[in-house]
Structure formats: structure tokens, C-alpha cells
Amino acid sequence: SSGINAEYGEGTPAITMAKQFGCKVVGVDVSENNIASARKFLSEESSTLNVQFHEGNFFDMPARVQHEMFTHVWAQVSFFHTHAHLRKCIDVAASMLKSGGTFILV
């Protein structure tokens, strides 16, 4: 299985999911500070986890991930900061899900 984590903060949820379930996880965040923190935390945790962190906007995904499909898409709190664009957030999440995939909004 694979997952994409929108606006992942310092990467803890993405790293935890990869460790617990052995899945590929991609994180996308607009904050350079979050990306640096997440990559640092990942390097301290493990060099064998299949986790990638990319700078980007959930509405305009980085080229490296924009055509990937995932079994899970999740966001923690980030979608609640986009009230005016919530429908678009949900549409983007749905477009990245494999058939039968799960969207998790916490």
C-alpha cells in the first residue's frame, strides 16, 4: 500500500505510518521549514523507510507525484485552513486515490 500526506508538518505521521505498516509514504507541504524538519527526523529514524518529502501545494502537486495513485490519502488539520477551497481539496484527494482507496481527514 501507499499513502500521501498533505501538509504533513514535521513528518511524524508519515514516518510513523511507514514504520508501522511498511508502506510507501509521500508527504507534500508548502513550508520549507517543515520539509527540512521532516527530512532531518527521517534521517534520524531510519534510512530504510520508503518515505519522501516534497515541497508543494496540494492544489498544484510537484511533478514527481502529481500522476501517482495512492491507496490512502490523509490530511491532519490542513484542510480546515482552506474553508473556501475545501471542495477542491476533496476533489484533488479523490483524484489521487486508487480504486477502493481511503481518504482520511483528521
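Please read all numbers here as calculations on a predicted model, not as lab measurements.

Draft legend 1. Molecular detail of helix α1 (residues 12-21). Here α1 has its buried residues at Ala14, Ile15 and Ala18. Here the buried residues of α1 occupy an arc of 95 degrees about the axis, which is enough to place them on one side. Projecting away from the buried face of α1 at angles above 90 degrees are the exposed residues Gln20 and Phe21. Where α1 is buried, its residues meet β1 (2-6), β2 (24-29), α2 (32-45), β3 (51-55) and β4 (70-75). One or two residues past the end of α1 sits glycine 22, with phi positive at roughly 70 degrees.

Draft legend 2. Seen up close, helix α3 (residues 86-95). Turning to α3, its buried residues are Cys89, Val92 and Ala93. Looking straight down α3, one finds its buried side chains confined to an arc of 100 degrees; they lie on one side.

Draft legend 3. Structural view of the nonpolar core. Ranked by size, the top nonpolar core spans 14 residues in total, and within it Ile4, Val26, Val28, Phe58, Met61, Val73 and Met96 carry the most contacts. Per-element tally for this core: the top contributor is β4, with three residues. If near-sequence neighbours (up to four positions away) are discounted, valine 73 is found in contact with Ile4, Phe58, Ala93, Met96, Leu97, Thr102, Phe103 and Ile104. With 13 residues, the next largest nonpolar core counts Ala14, Ala18, Ile35 and Leu42 among its residues.

Draft legend 4. Inspection of the sheet that holds β3 at higher detail. Across the sheet, five strands lie side by side as β3-β2-β1-β4-β5; this open sheet has parallel pairing. Of all the strands in the sheet, just β3 and β5 (97-105) have a single pairing partner and so form its edges. Pairwise comparison of adjacent strand axes, ignoring direction, gives a mean angle of 20 degrees for this sheet. For β1 and β2, the ladder comprises five bridges, and the chain directions are parallel. Bridging across to β2, glycine 3 finds its partner in valine 25. Along the sheet face, α1 touches β1, β2, β3 and β4 and points at about 155 degrees away from the line of β3. In the packing of α3 onto the sheet, the strands contacted are β4 and β5, and the crossing angle to β5 comes to about 140 degrees.

What counts and what doesn't
Residues numbered from 1 in each chain as written. Predicted model: local features only at pLDDT ≥ 70, side-chain atom pairs only at ≥ 80, totals over all residues. Heavy atoms only, no water. Buried < 20%, exposed > 50% of the residue type's maximum accessible area, 1.4 Å probe, protein only. Helix = DSSP H or I, 4+ residues; strand = E, 2+ residues; numbered from the N terminus. Arc of directions from axis to C-beta. Contact = heavy atoms within 4.5 Å. Core = buried A, V, L, I, M, F, W, Y, C linked by side-chain atoms within 4.5 Å. Pairing = 2+ DSSP bridges. Axes fitted to C-alpha atoms, helices over the stretch in contact; angles between N-to-C directions.

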